[in-house]
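# Examining the three-dimensional arrangement
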Amino acid sequence: MDQAIPSSIQASVDNHPRAEKRHYSEVKKKKMTKQVEIKYTQLFIDNEFVDAVSGRKFPTLNPVNGNVIAEISEGDKADVDKAVNAAKQAFDRNSKWRQMDPYIRGQLMHKLADLITRDLNYIAALETLDNGKTYANAVEDIKASIACLRYYAGWCDKIQGSTIPTGDTNITLTRKEPVGVVGQIIPWNYPFMMAIWKWGPALTTGCTLVLKPAEQTPLSALYGAALTKEAGFPAGVINVIPGYGPTAGAAIAEHSEIQKVAFTGSTEVGHIIMAAAAKSNLKRVSLELGGKSPLVIFDDVDVKKAAEIAHDAIFSNHGQNCCAGSRTFVHSKIYDEFVKHAKQLALAKKVGDPFDSKTDQGPQIDQEMLDKIMDLINSGKKQGAVVETGGNRAGNTGYFVQPTVFSNVTDDMRIAKEEIFGPVQSILKFNTMAEVIERANRTNYGLASGVITKDINKALEFAQAVEAGSVWVNCYDAIAPQTPFGGFKQSGIGRDLGEESLKEYLEIKTISIKITKEN
Ligand code: ADP
């Protein structure tokens with residue numbers, strides 16, 4: 001099936017500063033002619049693409065215009081059951097997968113990384129079409145996914161247990177074993193990368209898996225599934241079930257033969273997943289949830305550079321980022337100058353066709369998110385924050401939002417408390433370290449944070465005091481395959497990435513051996 005991206009997106013803007021009008025109208029004239037062939041639209045179970053048991057399908061939409069890209073098989077409980085059965089068989093102790101030398105498991109993962117590298121441009125195009133992120137960003141995501149997969153490939157034959165002193169009449173050792181069949185539920189903001197973040201540690205440790213991509217963005221995970229078959233993974237090791245959260249997702253969370261569920265998404269759904277795990281079989285749970293991450297900028301910095309870091313921290317991926325620096329705390333001495341730079345950076349952002357190399361920001365993911373973002377923007381206006389730039393939807397087709405900067409934001413405003421998940425920067429003013437630490441931590445979230453200062457003591461004092469899983473000093477979003485990522489408080493449980501994430505997929509077995517002396 002060939003899916004043409006529509007010819008234009010009418011991103012004209014009313015009631016808007018002139019500079020913005022200029023770049024939106026440039027976008028309006030461009031034709032979006034990229035063709036992306038959609039190869040896989042069915043469920044992937046036991047190394048085969050199959051229809052859903054119910055025969056139902058659901059549409060995946062192009063966020064540029066809301067048009068249907070493709071009809072996708074809609075998995076639900078019956079399909080999750082089938083996939084879990086396939087994954088169970090693949091996990092049988094005599095299966096090819098279980099018997100495999102871990103080094104060979106690593107080679108399979110490298111082979112998968114080779115195939116993703118071969119098809120990088122295609123997968124990136126699929127991602128841009130389904131998600132709306134810019135093609136350049138999609139390419140970066142796929143490259144990061146390859147790096148992640150290769151990082152985990154290297155771990156396969158290095159997962160060692162230990163020997164434990166229990167006296168000369170015993171030998172006690174530990175073995176680290178895969179937990180079994182795992183369920184993985186992922187969001188739409190980094191569709192391919194999230195799949196790989198989850199597949200990496202699961203495959204490394206020798207688990208088998210059932211993954212549900214987000215209903216908004218099923219295409220790249222399905223293509224990735226096809227590549228796992230081509231790479232040579234045994235049937236049943238990797239299964240992909242597109243479908244909706246309350247049906248397919250819930251069936252995974254509740255399944256009594258899934259031993260662990262890994263979830264990335266909203267805090268609200270995180271609560272549901274954990275409750276389902278508790279009510280069913282006490283499966284292990286790892287959750288990577290929402291955030292309202294503080295980025296604190298002291299007065300000893302190069303203000304323009306700090307504004308650039310803060311800009312990327314919030315606007316990358318159109319603000320659709322769980323660790324987005326969505327509360328920009330700026331010292332009162334540099335506040336006005338900082339706001340000026342922040343406004344200029346947002347004004348310079350080109351919004352439009354995500355396939356156009358000049359575009360910085362494509363559409364948001366869907367109507368629901370557009371409505372949510374606009375509701376929060378309007379709340380900011382009503383509650384007295386100053387709109388420095390933006391503040392409106394961009395155009396009236398698709399889900400585009402003007403890059404928006406609010407100044408004079410106070411802690412009590414909704415835009416300072418709720419996760420917006422959109423291109424909206426909220427700039428708050430502070431005076432002292434003690435004050436900003438207290439305010440930064442005054443949230444139920446704790447995913448990430450940042451501090452910009454030339455003073456190492458200030459940086460370290462903040463880094464130690466902030467309640468967040470990541471602290472980025474003089475940078476932001478410094479995430480690598482080997483760096484653990486996850487949240488304090490209601491931003492999650494457990495960690496993705498790094499050695500830490502392997503622990504989520506391993507059981508430890510203690511083996512105690514008695515030595516009987518000859519005489
Ligand atoms: P977002 O707000 O980022 O869309 P969600 O938490 O709603 O995040 O969705 C993240 C993932 O969780 C998606 O794959 C979605 O289908 C799934 N999901 C949503 N609701 C449920 C649920 N009740 N049970 C299991 N999974 C769910």
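Values in this document were obtained by computation on a predicted structure and should not be read as measured data.

Cut-offs and rules
- Residues numbered from 1 in each chain as written.
- Predicted model: local features only at pLDDT ≥ 70, side-chain atom pairs only at ≥ 80, totals over all residues.
- Heavy atoms only, no water.
- Pairing = 2+ DSSP bridges.
- Helix = DSSP H or I, 4+ residues; strand = E, 2+ residues; numbered from the N terminus.
- Axes fitted to C-alpha atoms, helices over the stretch in contact; angles between N-to-C directions.
- Phe/Tyr/Trp six-rings, centres within 6.5 Å; stacked < 30°, edge-to-face > 60°.
- Buried < 20%, exposed > 50% of the residue type's maximum accessible area, 1.4 Å probe, protein only.
- Near = heavy atom within 4 Å.
- Polar contact = N/O pair within 3.5 Å; in protein donor to acceptor, adjacent residues only side chain to side chain.
- Areas by Shrake-Rupley, 256 points an atom, 1.4 Å probe, with all protein chains shown as cover.
- Domains from an automatic or database assignment.
- Contact = heavy atoms within 4.5 Å.
- Salt bridge = Lys/Arg side-chain N within 4 Å of Asp/Glu carboxyl O.
- Nonpolar A, V, L, I, M, F, W, Y, C, P; charged D, E, K, R; others polar.

### Looking at the sheet that holds strand 16 (residues 386–389)
- If you trace the 7 strands from one edge of the open sheet to the other, you get 16-17-18-15-14-19-20, paired in mixed fashion. The strands lining the two open edges of the sheet, one partner per strand, are strand 16 and strand 20 (470–473). Adjacent strand axes in the sheet meet at a mean angle of 20°, parallel and antiparallel pairs treated alike.
- The pairing of strand 14 (residues 294–297) with strand 19 (residues 448–452) spans 3 bridges and is classified as parallel.

### Focus on the packing of aromatic side chains
- Scanning the model with the defined rule gives 12 aromatic pairs in all.
- Centroid distance Trp197 to Phe485: 5.7 Å. Interplanar angle 75°. Geometry classified as edge-to-face. Here Phe485 lies in the loop between strand 20 and strand 21 (492–493) and Trp197 lies in helix 7 (residues 191–204), a separation of 288 residues in the sequence. Taken as a pair, Trp197 and Phe485 share a single burial class, namely buried.
- Considering the side-chain rings of Phe298 and Phe430, the 5.3 Å spacing of their centres and the 85° angle between planes classify their relative orientation as edge-to-face. Highlighted residues: Phe298 in the loop between strand 14 and helix 11 (303–315) and Phe430 in strand 18 (residues 424–430), separated in sequence by 132 residues.

### Description of the site of the ligand
- The ligand sits among 18 residues. The nearest are Ile186, Trp188, Lys212, Glu215 and Ser266.
- Within the side chain of Lys212, an N or O atom sits 2.8 Å from an oxygen atom of the ligand.
- Isolated, the ligand exposes 550 Å² of accessible area, and the fraction of that covered by the protein chains is 83%.
- With 4 residues, the single largest contributor to the shell around the ligand is helix 9 (residues 245–254).

### Thoughts on the domain arrangement of the chain
- Each assigned domain of the chain is listed with its residue range as follows: domain 1 (30–288) and domain 2 (294–480).
- Distance from the C-alpha centre of domain 1 to the C-alpha centre of domain 2: 31 Å.
- With 29 residues of domain 1 at the contact, the number on the domain 2 side is 26 residues.
- Counting across the interface, domain 1 meets domain 2 through 0 salt bridges.
- There are 7 residue pairs in polar contact (both at pLDDT 80 or more) connecting domain 1 and domain 2.
- Mapped onto the side of domain 1 that touches domain 2, the elements with two or more residues apiece are helix 5 (120–131) and helix 6 (135–155).
- Element by element, the count of residues in the side of domain 1 that touches domain 2 is highest for helix 5, at 5 residues.
- Here the residues of the side of domain 1 that touches domain 2 sort into 11 nonpolar, 12 polar and 6 charged.

### Digging into the pattern of salt bridges
- Within this structure, the stated rule accounts for 26 salt bridges.
- Ionic pairing is found between Asp141 and Lys133, a salt bridge with its closest N-O pair at 2.5 Å.
- On the basis of relative accessible area, Lys133 is assigned to the buried category, the value being 0%.
- Ionic contacts of the salt-bridge type, sharing partners, join the residues Asp411, Glu435, Glu438, Arg439 and Arg442 into one network.

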